[in-house]
Structures are given as structure tokens and as C-alpha cells.
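Observations on chain architecture
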Amino acid sequence: MSTTTARPEPAIWPKRTKFLRPFSGKISIKIDLRTVVITAILAVITVCVALWSLTLGSAEGSDIPLDRVFGALAGNESPSVTRIVEGRLPRVLVAVFGGAALALSGAIFQTVTRNPLGSPDIIGFTAGANTGALMAMLVFGLGYNGATFGSLIGGLLTGVVIYLLAFRGGVQGYRLIVIGIGVSAMLTAFNGYLLVRARVENAAAAAAWGQGIFEQLRLKDVIPVVLVLVILIPALTYFTPNMRMFELGQDSAQSKGVHTERVQVYLMIIGVGLIAVVTAVAGPIAFIALIAPQVAMRITRSPGIPLVTGAAVGATLLVISDAIARTLLAPVQLPVGVVTTALGGVYLLGLLIVQSRKAGS
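This structure is a prediction, so every number in the text was calculated from the model and none was measured.

Looking only at helices and strands, one finds 14 helices and two strands in the chain. Taking all 361 residues of the chain together, the buried fraction comes to 46%. Across the chain, contacts joining residues at least 24 apart in sequence account for 70% of those joining residues at least 6 apart. For the chain, the computed accessible surface area is about 18,700 Å², with 67% contributed by carbon and sulfur atoms.

Turning next to the packing of aromatic side chains. Scanning the entire structure with this criterion turns up five aromatic pairs. Taking 5.1 Å as the distance between ring centres and 85° as the angle between the ring planes, the aromatic pair formed by Tyr 238 and Phe 239 counts as edge-to-face. Phe 239 gets classed as buried once you look at its relative accessible area, which sits at 13%. In this structure an aromatic cluster arises from ring pairing among Tyr 238, Phe 239 and Tyr 266.

This part is about helix α7 (residues 173-197). Residues spaced three or four apart along an α-helix face the same direction, because each turn holds 3.6 residues. With 25 residues, α7 should reach 36 Å at 1.5 Å per residue; the first-to-last C-alpha distance of 36 Å fits that figure. Listed in full, the buried residues belonging to α7 are Gly 173, Leu 176, Ile 177, Gly 180, Val 183, Ser 184, Leu 187, Asn 191 and Leu 194. Buried residues along α7 sit against α3 (79-113), α4 (120-123), α5 (125-139), α6 (143-166) and α11 (260-282).

The next thing to look at is the confidence of the model for the chain. Residues shown with low pLDDT carry predicted positions that ought not to be read at fine detail. Mean pLDDT over the chain works out to 85, with 89% of the residues at or above the 70 mark. Note that pLDDT drops below 50 for residues 1-13; the model gives that stretch two contacts with residues more than four away or on any other chain.

A few words now on unusual backbone geometry. In this structure, Arg 114 takes a positive phi of about 55° despite not being glycine. By secondary structure assignment, the location of Arg 114 is in the loop between α3 and α4. Of note in this structure, Phe 287 is not a glycine but carries a positive phi near 75°. Relative to the assigned elements, Phe 287 resides in the loop between α11 and α12 (288-300). Here Phe 287 falls in the buried class, since its relative accessible area comes to 17%.

A few words now on the packing of α6 against α11. Interhelical geometry of α6 versus α11 gives an angle of 150° and a closest axis separation of 9 Å. Relative to α11, α6 is oriented roughly antiparallel. Between α6 and α11 the crossing geometry is right-handed. Across from Thr 148, Ser 151, Leu 152, Gly 155, Leu 156, Gly 159 and Tyr 163 in α6, the residues of α11 making contact are Glu 261, Val 265, Met 268, Val 272, Ala 276, Val 277, Thr 279 and Ala 280. Looking at the contact of α6 with α11, its residues break down into nine nonpolar, five polar and one charged.

In this section: a nonpolar patch on the surface. Taken together, the side chains of Val 37, Ile 41, Ile 45, Ile 320, Ile 324, Leu 328, Leu 329 and Val 332 define a hydrophobic patch exposed on the protein surface, amounting to about 660 Å² of accessible area. Mapped onto the nonpolar patch, the elements with two or more residues apiece are α1 (33-55) and α13 (307-327). Counting residues per element, the nonpolar patch draws most heavily on α1, at three residues. Ile 41 gets classed as partly exposed once you look at its relative accessible area, which sits at 47%.

It is possible for side chains bearing opposite charge to pair when their charged atoms get close. Tallying each qualifying case throughout the model produces four salt bridges. Close ionic contact of Arg 68 with Glu 77 constitutes a salt bridge, the shortest N to O distance being 3.1 Å. A residue is classified by how much of its surface remains accessible, and Glu 77, at 23% relative accessible area, is partly exposed. Among the ionic pairs, Glu 247 bridges to Arg 244, the shortest N-O distance being 2.8 Å. Glu 247 gets classed as partly exposed once you look at its relative accessible area, which sits at 30%.

About the thresholds
- Starting from 1, residues in each chain are numbered consecutively following that chain's sequence as written.
- In view of the model being predicted, local features appear only for residues whose pLDDT reaches at least 70, and side-chain atom pairs are presented and counted only at 80 or more, with totals across whole chains, interfaces and linings using the full set of residues.
- Side-chain metrics in this entry use all non-hydrogen atoms of the structure; hydrogen atoms and water are not considered.
- Numbering of helices and strands runs from the N terminus, with a helix taken as a DSSP run of H or I at least four residues long and a strand as a DSSP run of E at least two residues long.
- Exposure is judged per residue with a 1.4 Å probe applied to protein chains only, and the accessible area is read against the type maximum: over 50% gives exposed, under 20% gives buried, and values in between give partly exposed.
- Any two residues having at least one pair of non-hydrogen atoms within 4.5 Å are treated as being in contact.
- Surface exposure here means Shrake-Rupley accessible area, sampled with a 1.4 Å probe, where a residue is shielded only by the protein chains that are shown.
- Here is the rule: rings of Phe, Tyr and Trp (six-membered ring for Trp) pair when centre to centre is within 6.5 Å. Planes less than 30 degrees apart are stacked, more than 60 are edge-to-face, and the remainder are tilted.
- Expected span of a helix: the number of residues minus one, times 1.5 Å.
- Looking at any residue, its pLDDT shows the predictor's confidence there, from 0 to 100.
- For every element, the axis is a line fit to its C-alpha atoms; helices are fit only across the contacting stretch, and the angle between N-to-C directions ranges from 0 to 180 degrees.
- These descriptions rest on fixed angle ranges, namely under 35 degrees for roughly parallel, over 145 for roughly antiparallel, 65 to 115 for roughly perpendicular, and the rest for oblique.
- By convention, the crossing between two helices is left-handed when the near helix turns anticlockwise from the far helix through less than a right angle, and right-handed when the turn is clockwise.
- In this classification, Asp, Glu, Lys and Arg are treated as charged, Ala, Val, Leu, Ile, Met, Phe, Trp, Tyr, Cys and Pro as nonpolar, and every other residue, Gly included, as polar.
- Patches draw on residues past 30% relative accessible area with no salt bridge. Two like charges within 9 Å are joined, as are two nonpolar side chains (Val, Leu, Ile, Met, Phe, Trp, Tyr) within 5 Å.
- Salt bridges are identified by distance alone: a Lys or Arg side-chain nitrogen within 4 Å of an Asp or Glu carboxyl oxygen.

This is the structure:
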């Protein structure tokens, strides 16, 4: 009589994937250990840079020790120090929450279009939001408060126009990107026309705002960004399973029972809302929505874009960019968009070099 030992079945999930069953095994939660660890590291980096940024002053001798920053946040410091920290806090909070919002918006469009260039600042939604803000400031004379509403309206209207132009029995990613680039070019030209026709002082203020400027942010400006995140993140979570189906292609998503046209519309509304509110508050900020999702996917080695990690990358990149913009040429403060554009250029150049080496090997 012979005995045979059964060979263990190969694991379906990789070793880095674990399942948590917190409620007596009734609910199973799948987590990726590498993604969780990287996201936690990014969160720690973001908090550390944010606190360090609160200590930095743009003028010589205006730096504040970290312990006094903690004291000001706890309400135990002198009124003068508390006033300085409260003046710096809005830009740091907008950088953190705004960077996360930009990254989530980029992740939505890159997933739906199945293209790493499917970013709202490439497709034209950022340019549309900028057009709405410039119209409010330069044509209707509504100032920065009017620019907030103008940016939201401009971004949403641009999304509607691009979707209608790209719709041909559905919206294909390639068509959406090409039409979006064309619309973005026309809007950029129109924005230049508005600046040329405006009075010099108004054009200078609008041009500075158009590069993404955090210097004039107040605590009230943080509220719209946080409010939009609180509203749209649950909506994005609800549509995430259907959005993941787009990674397999639109036809595959339809075969899985996904109503692709309806889901596309909902996801575009969410993505445009996220990008428009940041543009409305802080001005157009280039390349964060383009870079953050791709960086998150590469450092986690995920087949798709991890949304939480992407948001963490966006927050980290923007808070670092803001700190650089404040200190690089101090006491002169650069628009944060200048720094993010430089980072985007380095990223695209590095990506081109990597792709050329792969093609040559």
C-alpha cells in the first residue's frame, strides 16, 4: 500500500497580499502590504515636510523653531507667533489636500482613458478652469472671490464640451485625449488674448494667479477643497470597482456588465470637480495630476493606479513644491506652478530616457 502526499495548490494571490477578517470572518478585506507600507511612509513624509514648512519664513530671521510652532497650533504661544503660524497654515493645508485632489483627478482620467497622458492638465480641464477665472477677474472685474466661482464654472463647462465633442457612440480614451489637447490649445490662446487686452496691473495679478500662487491663501480657502474631498471621495469609492474594469478596456468592461457611458459621465464629473476646486482656490497647478498616479503605480508595482497611494504622492509632491517655492529665491516667493512644472519636465525627460533604453535593448 503506497501513500501519496498531496502537493499544495499554488497561491492565487502573491505573498504581499493579505486578507483581514475583522468581524469573525464574515467580511474579508484584501490589502497589499507593499502599498500600505509605502502609503504610510508617504504620509509621514508629508506631515514632516508640512511641519517643517510652517517653521520657514520667506524673510531673513523669520524662521520659527518647531517647538514654538507646536505651541502656536495648541494655542499656547504669543499672539505674534500664533499669527505668523496661522498665516502659513492655509498654504500648507491647501498643498496637502489640493495635492491629493489633483492626484485623484489624474488617476480617474488616466484609468478611464487607459493612457498615462490622460491627465486633466493635458486634456484641457485645467485650461478651462483658468479661462473661467480669467473671465471673472479681467472681463467682469469680480476679483479673486469671483475667480473661484469662475474657475468652477469654466472647468465644468470645458468638461461638458470635451465630452460632447468626443462622444461617438461612447467615448474612447484616445479620442478624448486628442480632442482635449485641441481644446486646451484653443483655451490657452484665448487666455493669452485676455491677458494681453487687460490693464497691466490686472494682467500681472492674473498671470501670477495663473501659475498657481499660494501666498494669498487664507483659512477660508481650505474649506472648499476639504468639502469637495468629503463629498467626492465617497462617490469615487462607490464607482471604483466599475472604474477598475476600464483597465481591461471598454469592451471588456461592457462584457462585465458595466454601463460604460453612464460610469464615464459620473467619473468625469468627479474628476473635473476635484481639479476645478483646486484651480479655483490656488490657480492652475500643472503636472501633479499627471505625475502622481504614475509614480504611485511604479513605486507600488501595482497593475493599476492605487488611489490612496496616488493621493499620498500628490500631497507629498505639492507640499514639497510649495516649500521649495517659498525658500528657493527667498525673500521672493515663486508661484508653486513654476516648481511643479520643473518637476514635470524632469519626470517626462526621465520617462523618455527609460522608454528609449527599453526600445534599444
